[in-house]
Amino acid sequence: MRKQNFLFDKMTVGVCYYPEHWDRALWESDIKRMLENGITVVRIAEFAWNKFENEEGVFNFDFFDDFLDVCEKLGMKVIFGTPTATPPAWLTEKYPEVLNARQDGALYRHGGRRHYNYNSPLYRLFCARIVEKIADHYAKRPSIIGWQIDNELNCEISGFYSQSDTVAFREFLKKKYETLDRLNEAWGTVFWNQTYTKWDQIFVPRAPNINAVNPHLNLDYIRFVSQSAISFCALQSDILRKYIKPGDFITTNGLFGNLDNHEMTDKCLDIYTYDSYPNFAYGVDSVWDDNALSDRRWSRNLTEVRSICPHFGVMEQQSGANGWSTRMEAAAPRPGQLNLWALQSVAHGADFVSFFRWRTAAFGTEMYWHGILDYDNRDNRRLSEVRLFADNLKKLEKIRGSKFYAKVAYVKDYDNEWDSTFDVWHSRVSRASDAGIVEGLQFGHVPYDVVYLKDETLVSELAEYDVLIYPHPLIINEARISVLKEYVENGGKLVIGCRAGQKDMTGKCPMLPMPGLFSCLSGSDVIDFTFQSPAEKVPKVSFGNRELEAKVFCDIMEAKEGAKVLASYSGCFFEGRAALIEKEVGCGKVLHYGSTFTRDSVQAIMEYLGVLETFDEIVTLPGDIELVLRENEGRKYVFLLNYKHRKVEAKVNVRTRSLLTGKEVSGDITLEKFAVEVLEVL
Amino acid sequence: MRKQNFLFDKMTVGVCYYPEHWDRALWESDIKRMLENGITVVRIAEFAWNKFENEEGVFNFDFFDDFLDVCEKLGMKVIFGTPTATPPAWLTEKYPEVLNARQDGALYRHGGRRHYNYNSPLYRLFCARIVEKIADHYAKRPSIIGWQIDNELNCEISGFYSQSDTVAFREFLKKKYETLDRLNEAWGTVFWNQTYTKWDQIFVPRAPNINAVNPHLNLDYIRFVSQSAISFCALQSDILRKYIKPGDFITTNGLFGNLDNHEMTDKCLDIYTYDSYPNFAYGVDSVWDDNALSDRRWSRNLTEVRSICPHFGVMEQQSGANGWSTRMEAAAPRPGQLNLWALQSVAHGADFVSFFRWRTAAFGTEMYWHGILDYDNRDNRRLSEVRLFADNLKKLEKIRGSKFYAKVAYVKDYDNEWDSTFDVWHSRVSRASDAGIVEGLQFGHVPYDVVYLKDETLVSELAEYDVLIYPHPLIINEARISVLKEYVENGGKLVIGCRAGQKDMTGKCPMLPMPGLFSCLSGSDVIDFTFQSPAEKVPKVSFGNRELEAKVFCDIMEAKEGAKVLASYSGCFFEGRAALIEKEVGCGKVLHYGSTFTRDSVQAIMEYLGVLETFDEIVTLPGDIELVLRENEGRKYVFLLNYKHRKVEAKVNVRTRSLLTGKEVSGDITLEKFAVEVLEVL
Amino acid sequence: MRKQNFLFDKMTVGVCYYPEHWDRALWESDIKRMLENGITVVRIAEFAWNKFENEEGVFNFDFFDDFLDVCEKLGMKVIFGTPTATPPAWLTEKYPEVLNARQDGALYRHGGRRHYNYNSPLYRLFCARIVEKIADHYAKRPSIIGWQIDNELNCEISGFYSQSDTVAFREFLKKKYETLDRLNEAWGTVFWNQTYTKWDQIFVPRAPNINAVNPHLNLDYIRFVSQSAISFCALQSDILRKYIKPGDFITTNGLFGNLDNHEMTDKCLDIYTYDSYPNFAYGVDSVWDDNALSDRRWSRNLTEVRSICPHFGVMEQQSGANGWSTRMEAAAPRPGQLNLWALQSVAHGADFVSFFRWRTAAFGTEMYWHGILDYDNRDNRRLSEVRLFADNLKKLEKIRGSKFYAKVAYVKDYDNEWDSTFDVWHSRVSRASDAGIVEGLQFGHVPYDVVYLKDETLVSELAEYDVLIYPHPLIINEARISVLKEYVENGGKLVIGCRAGQKDMTGKCPMLPMPGLFSCLSGSDVIDFTFQSPAEKVPKVSFGNRELEAKVFCDIMEAKEGAKVLASYSGCFFEGRAALIEKEVGCGKVLHYGSTFTRDSVQAIMEYLGVLETFDEIVTLPGDIELVLRENEGRKYVFLLNYKHRKVEAKVNVRTRSLLTGKEVSGDITLEKFAVEVLEVL
């Protein structure tokens, strides 16, 4: 499990608050009302640059001093944001070089947010100065318990195309490759005569093009974007560290693309906080499918967050309908969903849940991104539900810091994640399998962790799992193979899917039979491969007592010496060829499944590996209910979450006590619509 | 009823003609043929700048002098257009500052039309000069009866993003707000740190952005665009006024967005003329629904026009298939439709109907925007139909200047119209209800007017209606509430829908229970609200003997003291909550319906208010037939219009005489496909 | 039949090879393996500019000298490409004027291909120099048998908008029109006041606009693009001619839009080569319809190629799945399809088939555009199939140079082809009829040629066909009418469809009854016309024993003196009007069908004209099988190709011998999935 520098000392409820949006006369009553409803922390200031520096170089701290005075008087704690996500108009109009640009060079302009670029030396100076000034002035305030850097790094836009980015990209590449010869080799520039003969011929991707990219350049470009964001975050955390009180934490919020959140967390943060909006599942134009995960799918994201930081916070937890004035309109959360979604966060590892936002903005782009209170500022059902959640949370103090039970890990790595954002062969298999794996595990009650594999990953990080599913590691190297090999030899079970081993770290294809470097582990030989043809039916794979559909793509395989075929394809031109090959390696085994993972194929394989539906001893559950298990000092805690818009029946097979009601629970139970139960096994 | 400066002295048929498109040898035969077919007016010159000024500052009037000579010889009357919609290449290439721009700054270029901006000081100079020269030269010509300014202001593009627009926008804002503090307050710029500290930090909306706009800036921007168009129109009308003969009128044509047509008409015009193209309903890729309004929907637009100018003209009446060479391709009007659509215009208030165009363009972008004659210049079925219509029109002289009967008004205002163009929460409810209202009233035979509510609107303008339906007045102020209150107290019935009272005039949300300022009138209290969730069925509302669907959005309400609940929601989480609340106010009443208006809910409410299907004494009609009633000096005239592609049966319950056939009509009648009957009640 | 300067002296199999993509150590083994598998020619060097000139003006020829040494040692023949499709980074970064631009002026940048413009004087200098250097150095090498100019001219992008293009466009127009008056007249610039008063007011089409173009300008613009491409090709072929060995040929590859391939071939090439990728029919997102042509549709393209060059080559023949890393992903060809598609090329006239490519690229945008071998370089099923095809080809030596049997010609011309790319009324009828004609002829076993009609076309070129179908000659002139008249008078049968004769050569509409200049031939008079209305059912036409659907558009007609009505419309407002008119002219006849051509209407008309299913004496075939007939010195060769994913039955009614098996074949036969049979009639 990853270490982290900060743990909340009790289960905590917070809220996002914008003192600058409201008449000062409301501050005291707002804060008192929060405290009355169980909210003890506010997050502030992350878009308020002008409140500190309304004119270049002229600083003023009165506004937030006054606000902190109120907080300290009433006993409210504060997370203070750095305001760098929204530079002032005076800055961007005078120094447009600080702006991010569209691929064709058009600059993003004042009026939105995150329109700056990470690499502008000038913007970095401005940011360093404002952060230093703020930290210097406020860090000692007793109300402050933590700091948030910027807001949602890489949100909205995660591509950067300003001139500063091109300059920085060249430096990144010089450091990585040293010579143009090495770069040309790594990027395969001999293709289409792309060879670079001077460094200044290299640019970040430019428009227009013919929707043709050099994939190796693109992969390095995303690595560069990630480095740029981390460097920008580090610039601020390094300054903050100099000033903050002992015990205060540094965080940033959200979970966005083109960013190695693990590295950022290790380098800059004490705790990671996520922004959880399951209501996106209820967008007004959504097509509804009762059999889909919908809001339950946010457990996938929380699992991802847990991989970065096992005991995380949620900085923004949905409390109302979402919607900008221009897009993303959605229905209001139904009564019970607010509590359900907040407990979903807690079940997956959050010790701190801060709702977005206290009161709905009365103006601006986000006037439909509803908070707890409506424009009218009256008590309402959502405030009651926050109060209910706060009460619930007090009863879950035993859960805090407890371990999430998982014997299965879904293995990922940033190289493959990023490659699949633009390589459409890669993305088709990855997207299909991601849905299949998450659904297969969720509906099969297989609690799982996500593990990001890096060159420096230790086998001990893998060893706590019985099964690793690493669906489409197209990009792989010896270091990662080596740790996987050791994991398997020690008894682990590794599952891989089609296309494994196609590429090296540059995204180029080595001249090796696939699965390439995996061959030694998997005992499989991919003799042919194909996307599904629209002219034909989906191939079938009989496995166990199920008939699986080999969707999207097929590796057509033979088993090598020492490996055995567990299942074969039928109903296709490669009828009878191996679809699933198993090889025993040391005390463990490796399964190569030749296609993408569907809900069914995941469950079939998990069943074969003995990790499907293993909790019958404790509870008998329909797939409709999410099961989460937490363990602490030998005690087991079972979360049961009902996302359905109807009640669901289940059965508790041991003696348990509900942490929420305090009552003993066993035998048949009914989970009402949106209900959550947390049972301690007695 | 709004006053107007000009009334046609007889029912008149016109046509659009482009002498510059044809060999001069055709002029005489064309005009003679028009006259033979009942056409007595031609509209000319609106795209012919080069025919007057082929070189900067060098003017020549021979071409149109020659043409007017022919007109005057043959007795044809003329509406003369100013040519400012299509500046010459010599102008735009030498002075690109006159061009409109895309949001990203790219200039619209020569080759289309309306590529100029209203605010370029230089373009205003060029336009003033050409208009002055033309008016000075031609105004005394006896053939001329009226003037058209430019062509279709705000057509195609109603956003303006040139540098001149930014400069003018700043002036508009300085005049409106005087200080940046007031502007920052009005626009809520504290949100996302948008605060302006200098006027030159303000721009018209710029691209690229993240599809996030400041909605308050945007609302003012559209008000600015409207002002710009009106100012441009006034620049020309002020010049024309100095020269035109007594009795001649000034107009402009079309009906387009981002433009307060009422204010423009009051300031600049004597009569408003519309361009009516119901054939847009027959676009080649249209999906057809026999139950939809289709071409009958143009009655909605004509009603809108009538609100600007009760006795209007149609400058361009569809006479053939439409289509540019690049888009908008459509089928030819079917035999009978030309006459039907022209009489639709007449029924709704047109005393002048000018067809577009005499002969189909033989070249250019509009070579598929067919006129009466085809390329071959032979007599055809459409010319016969124009002749038929002209004959019909002569028989309808009694209708001229008669009042359109309406006891129901559909209330609108520009603030809400414009807000709903970019606020997607607003637009979803407005668009849904607009369709529901128009269909409900049309199919229910409820003749209605449109009334635009302004701060200066007098109660007398409202008092002629029994019922006002003001569906979604999100934006409202005290002045408008006050006149509505007086209307209701005097016995009027006001119907409002969901979201009423959400915003103030800046588009910001006051801290008030909704329906905000309407609360005192409606007696309703909106305790919660939501878009429909895709995960649930549409809530139902039982009212009268109907079960209505509460689509798109719901205000969840309680009745306050003195108000009563007429209907409640069912089948939703707010089961039993009020959906329709009535409050008696003075001699009248206010109904607040919590959802959007569907065809059914409109008819249910109109029935409840006693204004649905009130003409059974005169005629018994299926919904398929449009009913229009005109009144003049105590006489009633009934238009029956059949848009169906099949015959429809009806029954006349009183003695009437057909103005078209001269025969008495009563009892069962058959309206053939596309037939129109006009009956005088005897 | 068109003459050509080069004929292969034996049926030849080639492959595309990129020595610069692979370690030199592989060269020898690759070439040996090719030769072992029947491949005797490689195409090289077309994207390898930097291998010759890695720095401006510094030339080096070692790399390809070394490669040619290997070829000559092992006996491999070579087609050498000029590398102008991918200019080096050092060139485009230093001289951005050589780049093509988007309509809004943004330059296409280094990293893709074909990002240059044809008209940059500087780029033409650079290209002339590199071609001269390469030709001078390599032309005498004995391994070389031919030269390829550039790669796929007009592929990806066939619009050019750089400043050099505008300058060249003005020169093109000055040459064509001499005076602005003539240009203004030709372009109808009086419409929307587009009149040009100076040449420098004229530009290639610019963005943004309102999706309105001057169609006459646009037509000339495409003619200009074609001329530009041909001029660029001629620049290179003129140089190559000075250096190449006697007997070596010059070609270029592909078949792309906005290019008069016939003129280019006549001016510059010795033989035309096509790039055939039927696997595009199997794109992953394709919707499959067993009744559609799918990959069989490539026969349409091969027929087009045959019209340019009767005995052509295929420079790139599909050998694996296609797909860039960013788009166009497709399934792998099924076993048998590679051989089928290569024989499809041969059946239609290819004597040379060169597969793309030897081994799949291990990197770059095209790493999923699979070659014969996979990344792993192992023997595979595709290599076996290439070997099989090479063996088959040896057995088809009798076919080489034989004539493709066709008694029907599908007549086209570039003016109408290009006009239909932007005139949406034109494109809707053309696209519909193209599908109908190709399907009607294919499924009806009517072998046909394509003939491009030009002003200089001789009647002898038409006289070899019994029937010409010239579906929608909107643009027509006297010269073309004259040759068609002579063809018909001599006994030919001409079929035209709706909209014939609408326009003159500028794309303007003459003041003539339609079908305009065709009237004298067709005896038809178009009194009205319309697109289908979405509000009505499709009109029907009874003809022979079939009921045809008159889809998309209808000319509503009357027969003139001497013509007779063969069929009329029903189920529409023009019920009973003529739909099909026949007129006898001299010894032949002309049919005017008033609508677009569907599969059914084509077959009905071909049946009426006696050219449908005329091979029953030889074979009885279901529509599922493509029939191709080749004739040589009195011998008949029958190709039967099964594109179906299942076996199909047929019957051979004469004594034949299979060229592939050597066995006699007659009576019932089964064609397996993807099978091809080639029978010599005995």
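Further up the page is the structure itself.
Just so you know, these numbers come straight off a predicted model, no measurement behind them.

**What about the sheet that holds strand E4 (residues 144–148) of chain C?**
Residue and element names in this part refer to chain C. Strand order across the open sheet formed by eight strands is E5-E4-E3-E2-E1-E8-E7-E6, with parallel pairing between neighbours. Of all the strands in the sheet, the pair left with one neighbour each is strand E5 (249–251) and strand E6 (273–276). Neighbouring strand axes in the sheet, compared pairwise and without regard to direction, differ in orientation by 25° on average. In terms of strand pairing, strand E3 (residues 77–81) meets E4 through four bridges, oriented parallel. When the sheet's bridge partners are listed, Ile79 is paired in E4 with Gly146. Lying over the sheet, helix H12 (residues 381–394) contacts strand E1 (12–16) and strand E8 (350–356), oriented at roughly 150° with respect to E1.

**Looking at unusual backbone geometry**
Cis geometry marks the peptide bond from Phe356 of chain A to Arg357 of chain A; its omega dihedral reads -15°. Inspection of the secondary structure puts Arg357 of chain A in the loop between strand E10 (350–356) and helix H12 (381–394). Omega for the bond connecting Ala207 of chain B with Pro208 of chain B falls within 30 degrees of zero, at -10°, which places this linkage in the cis form. Along the chain, the position of Pro208 of chain B falls in the loop between helix H7 (180–187) and helix H8 (215–243). Positive phi, normally seen in glycine, also occurs at Val552 of chain B, with a value near 70°. Counting through the fold element by element, Val552 of chain B comes out in the loop between strand E16 (546–549) and strand E17 (553–559).

**What about the relation of the copies chain C and chain A?**
Once chain C is rotated about the relating axis by 120° and shifted along it by 0.0 Å, it coincides with chain A to within an RMSD of 0.0 Å. The transformation just described matches what one would write down for a three-fold rotation axis.

**Describing the sheet that holds strand E9 (residues 312–318) of chain A**
Residues and elements named next belong to chain A. Spatial ordering of the open sheet is given by E7-E6-E5-E2-E1-E10-E9-E8, a layout of eight strands whose pairing is parallel. Only two strands of the sheet have a single neighbouring strand rather than two, namely strand E7 (249–251) and strand E8 (273–276). Between one strand and the next, the sheet's axes are offset by a mean angle of 25°, whatever the strand orientation. Looking at chain direction, strand E1 (residues 12–16) and strand E2 (residues 41–44) are connected through three bridges and run parallel. If you follow Gly14 over to E2, its bridge partner there is Val41.

**Quick notes on the interface of chain B and chain A**
Chain B puts 53 residues into the contact, and the matching count from chain A is 64 residues. Across the interface of chain B and chain A, roughly 5000 Å² is buried in total on both sides, 59% from carbon and sulfur atoms. The three residues of chain B that bury the most area against chain A are Trp192, Asn193 and Ile210 of chain B, which together make up 16% of that side's buried surface. At the boundary of chain B with chain A, the tally comes to seven salt bridges. Taking the shortest distance from any N to any O, the salt bridge between Asp528 of chain B and Arg381 of chain A comes out at 2.6 Å. For the pair chain B and chain A, the number of links is 24 residue pairs in polar contact (both at pLDDT 80 or more). The set of elements that each furnish at least two residues to the side of chain B that touches chain A consists of H8, helix H14 (424–443) and strand E14 (524–531) of chain B. When the residues that make up the side of chain B that touches chain A are grouped by side-chain class, the tally is 28 nonpolar, 15 polar and 10 charged.

**Some words on the interface of chain C and chain A**
With 64 residues of chain C at the interface, the matching set in chain A holds 53 residues. When the area that chain C buries against chain A is broken down by residue, the three leading residues are Arg334, Tyr368 and Tyr375 of chain C, summing to 13%. Applying the counting criterion to the chain C and chain A interface returns seven salt bridges. Between Arg428 of chain A and Asp285 of chain C there is a salt bridge, and its shortest N-O distance comes to 2.5 Å. Along the contact surface separating chain C from chain A lie 23 residue pairs in polar contact (both at pLDDT 80 or more).

Basis of the calculations
Residues numbered from 1 in each chain as written. Chains lettered and ligands numbered in written order. Predicted model: local features only at pLDDT ≥ 70, side-chain atom pairs only at ≥ 80, totals over all residues. Heavy atoms only, no water. Pairing = 2+ DSSP bridges. Helix = DSSP H or I, 4+ residues; strand = E, 2+ residues; numbered from the N terminus. Axes fitted to C-alpha atoms, helices over the stretch in contact; angles between N-to-C directions. Contact = heavy atoms within 4.5 Å. Least-squares fit on C-alpha atoms with pLDDT ≥ 70 in both. Buried area = accessible area lost by both parts, 1.4 Å probe. Salt bridge = Lys/Arg side-chain N within 4 Å of Asp/Glu carboxyl O. Polar contact = N/O pair within 3.5 Å; in protein donor to acceptor, adjacent residues only side chain to side chain. Nonpolar A, V, L, I, M, F, W, Y, C, P; charged D, E, K, R; others polar.

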